[in-house]
Amino acid sequence: MSTEKFRVESDLLGELKVPADALYGVQTQRAINNYHISCTKMRDYPDYVIAIAYVKLAAVQTNNALGVINDEITAAISQACREIIDGKWHENFPVDMMQGGAGTSVNMNANEVIANRALEIMGHEKGDYQYCYPNDHCNCGQSTNDVFPTTIRLALIRMNKNLVASLTGLISALRYKGNEFKDVIKMGRTQLQDAVPMTSGQEFNAYANNLEEEILNLDRNVKLLHEINMGGTAIGTGLNAEPGFAELCAANLSKLTGEPFTAASDLVEATPDTGAYVSYSSALKRVAVKLSKICNDLRLMASGPCCGLHEINLPPKAPGSSIMPGKVNPVIPEVVNQVCFKVIGNDTTVSFAAEAGQLQLNVMEPVITESLIESLTWLRNAIDTLTEECILGITVNKEHCYEMVKNSIGIVTALNPYIGYKTSTKVAKEALETNRSVYDIVLERGLMTKEKLDEALDPKNMLNSHQIEK
């Protein structure tokens, strides 16, 4: 027989038992009962919980300044919010990330936790809402329809900083390898066919430069998240909010977080608008697409070891087969590829959810939130894993790479300026058909002197543009 103690709370739908020691209340309990969807809870994402506490803190400060909430209640609510920001009481946010109601359960979860903690601070019992009420005080001058999107934006901004930090670490690792492999000559490829020589250092530095572009793109798109609709309340008209609430709340949130938030100029437009999420999701997708391409390359270059390219060696992380002895798979790039597929799929979900908005509200913002936060979390974890478990441990097979360059017909491209494209094509064709070297055929035909040929086919002269003496 259960010995758990309960208190009884009531709402529009009637009475409901709530665990006696829980800081949340009746509406959170209904959400717990209703939603068993994702198995991912609000409390699983600390930045999300912290973000809503910041929003509620900015709101109570605003209401106090406007003379709506007295100093005692303001102080208690403020302390409760700051405790949540400091990492306390997060276990009291058990609402499933996937839910109906446009995020009402998330907002009320926060209102109830903050109200009950404020009651304790003021010396009252949980649920004794006559002294601090979730709706009348913690949600004063607000609606889910301005609190929820503002919370999403702040959470994404906070998480974006962590993603950028992880990307910066990966870029540094790639540059380190670029420097380490700067003298390793290898064959470049287009359409998986031999092209012209390059160095492994150039290849890894190109990856680093490619990802640096994504940091700039993330920064551009995260700026769109700084426009908020706090003070718009239900549909943007500002019903129940004091005049000046929107501007002052944005200023207070900026002061608390250090982020340059601004109140939307048209709150009716801003309330259902999800354009910023679509843009930011697309930026995450861009990162995923590029990261997946890099992992594809790593797996190709490490293919073999006897019957593939075998240009690089990835750190061995696990036996690769339950039946084939000695096989070691590129498991780290493989898992990163799969994370990237998930992020790309989440971007599609965000697009559909953004399109599904109707009239003055988009009720699909919970799935937008879940998709974006999941993408940020998975992507950051994947990048850290790729950096630490793969990139930093890569080695290169220098001699093998050079042998492939010498034996490739791709080097004939360097002869175009000397003997012309048509003649170079004939040399390449003969080299393929006879399994002889480009070098021997050119000398045999007397197309170039040995001195000029040695200079032209020196791989080091094919790595950069240089003056050609015909």
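Now for a description of the structure that goes with this document. On a predicted model such as this, the values are computed, not experimentally measured, just so you know. (Residues numbered from 1 in each chain as written. Predicted model: local features only at pLDDT ≥ 70, side-chain atom pairs only at ≥ 80, totals over all residues. Heavy atoms only, no water.)

**A look at the overall build of the protein**
Next, step 1: Across its full length, the protein carries 17 helices and eight strands.
Next, step 2: A compact globule built from 470 residues should have a C-alpha radius of gyration of about 23 Å, whereas the protein, at 30 Å, is more than 25% larger.
Next, step 3: On the principal axes, the C-alpha backbone points of the protein span a range of 100 × 55 × 35 Å.
Next, step 4: For the protein, the residues scored as buried account for 51% of the 470 residues in total.
Next, step 5: Sequence-distant contacts in the protein: of pairs separated by 6 or more residues, those separated by 24 or more amount to 71%.
Next, step 6: Summed over all atoms, the accessible surface of the protein reaches about 21,900 Å², with 52% contributed by carbon and sulfur.
Next, step 7: Of the charged side chains in the protein, 42 are positive and 56 negative, and the gap between their average positions amounts to 8 Å. (Helix = DSSP H or I, 4+ residues; strand = E, 2+ residues; numbered from the N terminus. Rg over C-alpha atoms; globule rule 2.2 N^0.38 Å. Buried < 20%, exposed > 50% of the residue type's maximum accessible area, 1.4 Å probe, protein only. Contact = heavy atoms within 4.5 Å. Areas by Shrake-Rupley, 256 points an atom, 1.4 Å probe, with all protein chains shown as cover. Lys, Arg positive; Asp, Glu negative; His and termini not counted. Charge placed at Lys NZ, Arg CZ, Asp CG, Glu CD.)

**Structural notes on the packing of helix α2 (residues 46-65) against helix α3 (residues 71-85)**
Next, step 1: At a minimum axis distance of 8 Å, the contact between α2 and α3 shows a crossing angle of 165°. By the angle between their axes, α2 is roughly antiparallel relative to α3. In the crossing of α2 with α3, the sense of the turn from one axis to the other is left-handed. Note on element contacts: α3 touches α2 through D71, T74, I77, S78, C81, R82, I84 and I85, opposite V49, I50, A53, Y54, K56, L57, V60, Q61 and N64.
Next, step 2: Residues of the contact of α2 with α3, tallied by class, amount to 10 nonpolar, four polar and three charged. (Axes fitted to C-alpha atoms, helices over the stretch in contact; angles between N-to-C directions. Parallel < 35°, antiparallel > 145°, perpendicular 65-115°, else oblique. Left-handed = near helix turned anticlockwise from the far one by under 90°. Nonpolar A, V, L, I, M, F, W, Y, C, P; charged D, E, K, R; others polar.)

**Some details on the side chain of N92**
Next, step 1: Note on placement: N92 falls in the loop between α3 and α4 (104-121).
Next, step 2: Aside from chain neighbours lying at most four places away, what touches N92 is A22, L23, Y24, N109 and V113.

**What to know about a negative patch on the surface**
Next, step 1: On the surface, E227, D266, E269 and D273 cluster together to form a negatively charged patch.
Next, step 2: Residue E227 is classed as partly exposed on the basis of its relative accessible area, which comes to 36%. (Patch = residues over 30% accessible without salt bridge, like charges linked within 9 Å, V, L, I, M, F, W, Y side chains within 5 Å. Salt bridge = Lys/Arg side-chain N within 4 Å of Asp/Glu carboxyl O.)

**Quick word on the pairing of strand β1 (residues 6-11)**
Next, step 1: Alignment of β1 against strand β2 (residues 14-19), held across six bridges, turns out to be antiparallel. The partner of F6 across the bridge, within β2, is P19.
Next, step 2: Connecting the antiparallel pair β1 and β2 is a turn made up of two residues. (Pairing = 2+ DSSP bridges.)

**Let's talk about the pattern of salt bridges**
Next, step 1: Evaluation of the coordinates by the stated rule reveals 26 salt bridges.
Next, step 2: With its nearest N and O atoms 2.7 Å apart, the salt bridge here joins E203 to K186. One end of the pair, E203, is in helix α7 (residues 200-222); the other, K186, is in strand β3 (residues 185-190), and 17 residues separate them in sequence.
Next, step 3: For E203, a relative accessible area of 14% gives the class buried.
Next, step 4: With its nearest N and O atoms 4.0 Å apart, the salt bridge here joins R380 to D384. In this pair, R380 and D384 both sit in helix α12 (residues 365-389), four residues apart, roughly one turn of the helix.
Next, step 5: Residues joined by salt bridges that share partners form a network here, namely E83, R117, E120 and K126.

**Examining the nonpolar core**
Next, step 1: Core analysis: the largest hydrophobic core is formed by 109 residues, its most contacted members being Y280, L298 and L386.
Next, step 2: The biggest single contributor to this core is helix α6 (residues 144-180), with 15 residues.
Next, step 3: For L386, the residues in contact, after removing those within four places along its chain, are L170, L291, C295, L298, I332, V336 and I391.
Next, step 4: Core analysis: the next-biggest nonpolar cluster, separate from the first, contains 20 residues, M187, V405, V442 and A456 among them. (Core = buried A, V, L, I, M, F, W, Y, C linked by side-chain atoms within 4.5 Å.)

**Concerning helix α1 (residues 26-34)**
Next, step 1: Burial in α1 covers these residues: V26, T28, Q29, R30 and A31.
Next, step 2: Here the buried face of α1 lies against β1, β2 and α4.

**Details of the packing of α6 against α12**
Between two packed helices, what matters for the description is the angle formed by their axes and the separation of those axes.
Next, step 1: Running from N to C, α6 and α12 point in directions that differ by 15°, and their axes come no closer than 9 Å. For the element pair α6 / α12, the angle class is roughly parallel. Like other packed secondary-structure pairs, α6 and α12 cross with a definite hand, here left-handed.
Next, step 2: Split into classes, the residues belonging to the contact of α6 with α12 amount to 16 nonpolar, seven polar and three charged.

**Details of α6**
Next, step 1: An ideal rise of 1.5 Å per residue puts 54 Å on 37 residues; α6 measures up with 53 Å between its terminal C-alpha atoms.
Next, step 2: A distance of 3.0 Å separates the backbone nitrogen of N145 from a side-chain oxygen at the start of α6, and that oxygen is part of S143. (Expected span 1.5 Å × (residues − 1). Polar contact = N/O pair within 3.5 Å; in protein donor to acceptor, adjacent residues only side chain to side chain.)

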